[in-house]
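# Chains, contacts and geometry: an overview
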Amino acid sequence: MVLLNEIINTVLKNRGKEAVKDIDESFHLRNDIGFDSLDLAELTVRIEAEYNVDIFEDGIVNTVGEIIQKINNK
Amino acid sequence: MDLFYSDISKNQETTWDKLLDDLNNTTKYNPYCYQQDFYSVFKHIILSLLLEKEIVLLDSDFSKEEIQKLTGLTNLNKNIFPIIKSEKQVINNKTELINRIKDTGSNWSMTLFTSGTTGLPKKVVHSFQSITRFVKTTEINKANVWGFAYNPTHMAGIQVFFQALLNGNLIIRLFGLSKEQIFNSIKKFDISNISATPTFYRLLVPYQDSFVCVKRITSGGEKFDEKTADQLKQIFPNAKFTNVYASTEAGSLFAANGNNFFIKPEMEPFVQIQDNELLIHKSLLGKSAFSDSEWYHTGDIVKIVSENPLQFQFVSRKNEMINVGGYKVNPGEVEETIRKIEGIQNVRVFAKSNSVLGNIICCEVVKTSDEIDEVSIRSFLQSKLQEFKIPRIIKFTDKISTTRTGKIKRS
């Protein structure tokens, strides 16, 4: 999931935040990565453009693992 | 050679004599004007005035289905009727033509359709008096040459057309031409007046040359940003800049120097500001289906600068505000801020629906410098705008899409 890591770090860098290294599936989007709702909104657009899946379509997604699940289940 | 109209993109030059010939030799009249060629539209309008018959202006890019929805007709040619010679005297010269048009009576009417940002365009019917309310015919205006920078079947274009026609001015097509063709036309014909949307002007700047022939630059339809205005002043050093407020429903109403609009005392009883929205009294509107209430809600959000005399600035369109997670974003404000960045020529801000926030702010940018990228735009905006107003998706493009009226497209 190198690409997903890149997307997450693009969103962080765009906001002037520090990039996060060694992201794993247990990472919580808000608590560990530091996303707020604006970042999450941007994340969905970028993931949709890349994987053609809207990760928040059926409700809240909390962790990196849950995103990967959504992408794999599309 | 006394020219009436020219279009350098088509190598077209039409004299007043040719116009008179065309008018005198026309034997049929169709109230529906559905033509692509600007001259044909102008000739059609003049013919309707001479005959004192209704004219219905249809955009040349309306589809057959749209035409049918708007007019209820499947065949526009069914309404063509022969012109009876006794109804239309032969016109011998330009002065006679203009005087005849000035005498147009109450039988004449013009139907236009608003560009309709939502759903089907609205129908608006104008009288000669309501459509020419702001036309000024004076000796000074007689030498003007007009750069025609609007769609000829839209209200703004009609206003320019009547201003030029009743003063006997030459009209030069600029709408839909390339930047080079526009500047070539200005130079070739010594254009003195241009009226256009800020979007049109933004496509002209920057430019290395300057043109002293242009005496007046008028803009309307959107807020004008200072950066473009400054660049335009370099290209047109002799021009006075005016901003007008006009709508399809009411025609031209107010003028402004810079962005502050002022209301003439005689207009004050017809203007109201309610919850920051500009309301206009129905007596100023064309005859139309929706003017049954006393005040017409323009949908234009204004900010009062002074109460007495009344002065205000336009802030945005009511239906253009983008809701981002409950916060309202004015796309015009975001565009204005982005345009301040060195190396950015034009920008369009729009909403994309989003499962997290309802909407997310996106923008398309035309850049003139390689140093501009997503990160540099964002870091500039971070000190200028609230976080939720900053576009989250920035795309680089060669050209900004505009509406049929020449304003920036929002969706």
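Quick caveat: nothing in here was measured; it's all calculated off a predicted structure.

Criteria and cut-off values
Residues numbered from 1 in each chain as written. Chains lettered and ligands numbered in written order. Predicted model: local features only at pLDDT ≥ 70, side-chain atom pairs only at ≥ 80, totals over all residues. Helix = DSSP H or I, 4+ residues; strand = E, 2+ residues; numbered from the N terminus. Rg over C-alpha atoms; globule rule 2.2 N^0.38 Å. Buried ≥ 20, exposed ≤ 12 C-beta atoms within 10 Å, placed from the backbone. Contact = placed C-beta atoms within 7 Å. Arc of directions from axis to C-beta. Axes fitted to C-alpha atoms, helices over the stretch in contact; angles between N-to-C directions. Left-handed = near helix turned anticlockwise from the far one by under 90°. Nonpolar A, V, L, I, M, F, W, Y, C, P; charged D, E, K, R; others polar. Domains from an automatic or database assignment. Pairing = 2+ DSSP bridges. Parallel < 35°, antiparallel > 145°, perpendicular 65-115°, else oblique. Core = buried A, V, L, I, M, F, W, Y, C linked by C-beta atoms within 7 Å.

## Remarks on the overall build of chain A
Counting its secondary structure elements, chain A contains 3 helices and 0 strands. Moving toward the C terminus, one meets the helices and strands of chain A in the order α-α-α. Relative to the globule expectation of 11 Å for 74 residues, the C-alpha radius of gyration of chain A, 11 Å, shows essentially globular dimensions. If one aligns the C-alpha atoms of chain A with their principal axes, the spans along those axes are about 30 × 20 × 20 Å. Every one of the 74 residues in chain A was classed for burial, and the buried ones make up 24%. For chain A, contacts bridging at least 24 residues in sequence account for 47% of all contacts bridging at least 6.

## Considering helix H9 (residues 226–235) of chain B
Residues and elements named next belong to chain B. Looking at H9, one finds that the buried residues are Thr228, Leu232 and Ile235. Axial view of H9: buried residues confined to an arc of 50 degrees, hence all on one face. Exposed residues pointing more than 90 degrees away from the buried face of H9 are listed as Glu226 and Asp230. Considering only its buried residues, H9 is in contact with helix H8 (198–202) and strand S12 (216–220).

## What about the packing of helix H1 (residues 2–14) of chain A against helix H2 (residues 37–51) of chain A?
Working note: a packed helix pair is described by the angle between its axes plus the distance between those axes. Residue and element names in this part refer to chain A. Closest axis-to-axis distance for the H1/H2 pair is 10 Å, and the angle between their directions is 145 degrees. Between H1 and H2 the crossing geometry is right-handed. Listed contacts from H2 to Leu3, Ile7, Thr10 and Val11 of H1 are Asp39, Glu42, Leu43, Arg46, Ile47 and Glu50. In the contact of H1 with H2, the residues fall into 5 nonpolar, 1 polar and 4 charged.

## Brief notes about the domain arrangement of chain B
Residue and element names in this part refer to chain B. By domain assignment, chain B separates into domain 1 (3–242), domain 2 (259–318) and domain 3 (321–396). Between the C-alpha centres of domain 1 and domain 3 there is a distance of 35 Å. On the side of domain 3, 5 residues touch domain 1, which itself brings 4 residues to the contact. For the side of domain 1 that touches domain 3, the per-class residue count stands at no nonpolar, no polar and 4 charged.

## A look at the pairing of strand S10 (residues 170–173) of chain B
Residue and element names in this part refer to chain B. Alternating positions in S10 separate into two faces, Leu170 and Ile172 on one and Ile171 and Arg173 on the other, with burial throughout. As paired elements, strand S1 (residues 3–7) and S10 share 2 bridges and run parallel to each other. Across the sheet, residue serine 6 finds its bridge partner in S10, namely isoleucine 172. When strand S9 (residues 145–148) meets S10, the two strands line up parallel, connected through 4 bridges. What sits directly across from valine 145, in S10, is leucine 170.

## Re the pairing of strand S11 (residues 193–196) of chain B
Residue and element names in this part refer to chain B. Residues Asn193 and Ser195 point to one face of S11 and Ile194 and Ala196 to the other, with burial holding for every one of them. The pairing of S9 with S11 spans 3 bridges and is parallel. Residue phenylalanine 148 lies in a different strand from S11, and its bridge partner there is serine 195. As judged from the 4 bridges shared by S11 and S12, these two strands associate in the parallel manner. Opposite alanine 196, over in S12, you have serine 219 as the bridge partner.

## Things to note about the interface of chain B and chain A
Taken together, the contact between chain B and chain A spans 16 residues of the former and 13 residues of the latter. Put simply, the parts of the chain that give the side of chain B that touches chain A at least two residues each are strand S22 (344–354) and helix H11 (374–382) of chain B. For the side of chain B that touches chain A, the element with the highest residue contribution is H11 of chain B, accounting for 5 residues. Looking at the side of chain B that touches chain A residue by residue, the class counts come to 6 nonpolar, 5 polar and 5 charged.

## What about the packing of helix H1 (residues 16–24) of chain B against helix H2 (residues 38–51) of chain B?
Residues and elements named next belong to chain B. It is the contact of H1 with H2, at a shortest axis distance of 11 Å, that shows an interaxial angle of 55 degrees. One element, H1, and the other, H2, form an angle in the oblique class. Read as a crossing pair, H1 and H2 show a hand that is right-handed. Contacts between H1 and H2 involve Leu19, Asp22 and Leu23 from the first element and Lys43, Ile46, Leu47 and Leu50 from the second.

## Overview of the nonpolar core
With 58 residues, the main nonpolar core has Phe42, Trp146, Phe148, Ile171 and Ile172 of chain B as its most contacted residues. With 10 residues, the single largest contributor to this core is H2 of chain B. Apart from the residues lying within four places of it in its own chain, the contact partners of isoleucine 172 of chain B are Ser6, Val145, Trp146, Gly147, Phe148, Ser185, Phe189 and Ile191 of chain B. Of all hydrophobic cores here, the second largest spans 33 residues; its members include Val61 of chain A together with Val324, Val356 and Ile377 of chain B.

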